[in-house]
Each structure stands twice: as C-alpha cells, then as structure tokens.
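Close look at the chain arrangement
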Amino acid sequence: MDNSARLYPDLSRLGRETEMFMATVETLSDAEMTAPSLCAGWTRADVIAHITSNGHAIAKLIDWATSGEPQQLYASSEARAQEIAELAALPRVELLGRLRESAQFFAEQAKRLEGELAVEEVDLHGKKIPATSIVALRIAEVVVHHHDLDTAWTIAEADPDSVLNAVEAAVRTMRAKGAPGMTLTTEEGEEWVVGDGALRVSSDREGMLEWLARGAAGNLDADGPLPVLPAW
C-alpha cells in the first residue's frame, strides 16, 4: 500500500490549514480565549487545547499504521478530558506555544507514512479510518475546530479538498453512531449513504459540513424533515 502519491499534497494542505488556524488563534485576546465556542460546553481555549492534544493523539495512529500494532489514543475519556482542561488553563502564550509544537510534531511524524504501510485501516473511537487518510483526518480536525472558534474566518477559506476531508470524517461519525438513514449529496458531485439512505439531503460541501458537524441547516435542501444528528 503506497501512500507517497497523496502524502505530500495532504501535508501541504495540512500546513496551510494549520497556519490559518494559528493566525486566527494569535489574534485572540485573553478575554476572547475564554468566550464560548461552537462546541457545546467548550470555550475557545478548550477548542485550542483539543487541537493541541489531538496532534499527539492522532500521531499514535501513525504508529499503528506503520507498525501494525494497535494503539490507544488516550488511557480513557476521563484522561482525555483532563488533558484538554489542563492545556486550556495554561497562560495564553504557553498554550499557543504548545499548539505550534504539537502541529510540528504531527507533521514530522506523518512523513513516516510514506511508502508501504503495515495495515490498511486503523480505529478512531470505533470508526475505521483508512491508514492512507490519517493526515486527512488531522486536516478535518483543524478545519472543523477552526470553524468552532466562531471568528471572522469561515469554512469557505479552507481548501476545497480540506472541506471534503472534513465532510468525509463527519460522515464516518454519522455511520459509526447510527445516525438516521440519509443519502447526502453535494453540489460538487459527492454522494454518501448513511444507513438505509431514506432521507435525501443536498448542499454544497460547506453547508453539508456545517450541518453534519454543528447542526446548522440553513444551506440545505431535503425531501423530508431533518433529523437530530448524533454529536461529532
């Protein structure tokens, strides 16, 4: 399984999305860091802390993909929550430094994915992820949580392929969590079936992501009532 053909374009897009995320974060004052985000119950600092923690956690999937040995991202959900809370409580400058270090660590580790991989799939919280899509998974995390910061930045500023990565990640979550049957189509030409595919929902990629990730349904067309979706 040769991953080199897609690895470097993915890493290039990851670098772009990460730098935009960092640019947004660096504009936030101490007071703005503590404001609510679009993630229920999380401040902006919590979102930033999650992306910081996530860089090291998803790197464990790289260990899995290259060694064939399953990895546990966190010791428990409680340990994950505690790590995020501790990072979010750091002084602003220290948190931003940890964020950049985590991003650099993941980018360096991702280079190990070049060439032959030991397994075709890894597991993220019950979701099967192609081993060749680990960098795309990190891109999805950065794009969605950049949106969650609820600033002037919009999903339209992300690379179109990065938005596609994020929609694909959201669809995996819908399937893993038993979301109601839906056929999801985008103006760009993609289609995904969840469950029995009964409800047809269409939008552009950005509108689809806003709905799947955070329930914003203003840019959708559907042939029936929209369901309440499981949280991502």
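In this report, the structure presented in the accompanying data block is examined. Note that the structure is a prediction, hence the values are computed from the model and not measured.

1. With respect to unusual backbone geometry
- Not every positive phi belongs to a glycine, and His125 is a case in point at roughly 50 degrees.
- Relative to the helices and strands, His125 is located in the loop between strand 1 (121–124) and strand 2 (127–130).
- For Asp150, which is not glycine, the phi dihedral falls at a positive 60 degrees.
- Of note, Asp150 is situated in the loop between helix 6 (134–148) and helix 7 (160–176).
- Accessibility expressed as a relative area gives 42% for Asp150, which makes it partly exposed.

2. Comments concerning the side chain of Thr185
- Structurally, the position occupied by Thr185 is in strand 3 (residues 182–186).
- If sequence neighbours within four positions are ignored, Thr185 has contacts with Glu190, Glu191, Arg200, Val201, Ser202, Ser203 and Met208.

3. As for the side chain of Thr24
- Looking at the secondary structure, you find Thr24 in helix 1 (residues 4–27).
- Take Thr24: its relative accessible area is 11%, and that puts it in the buried class.
- In this structure, Thr24 is in contact with His146, Leu149, Thr151 and Trp153, ignoring residues within four places of it in sequence.

Cut-offs used in this document
Residues numbered from 1 in each chain as written. Predicted model: local features only at pLDDT ≥ 70, side-chain atom pairs only at ≥ 80, totals over all residues. Heavy atoms only, no water. Helix = DSSP H or I, 4+ residues; strand = E, 2+ residues; numbered from the N terminus. Buried < 20%, exposed > 50% of the residue type's maximum accessible area, 1.4 Å probe, protein only. Contact = heavy atoms within 4.5 Å.

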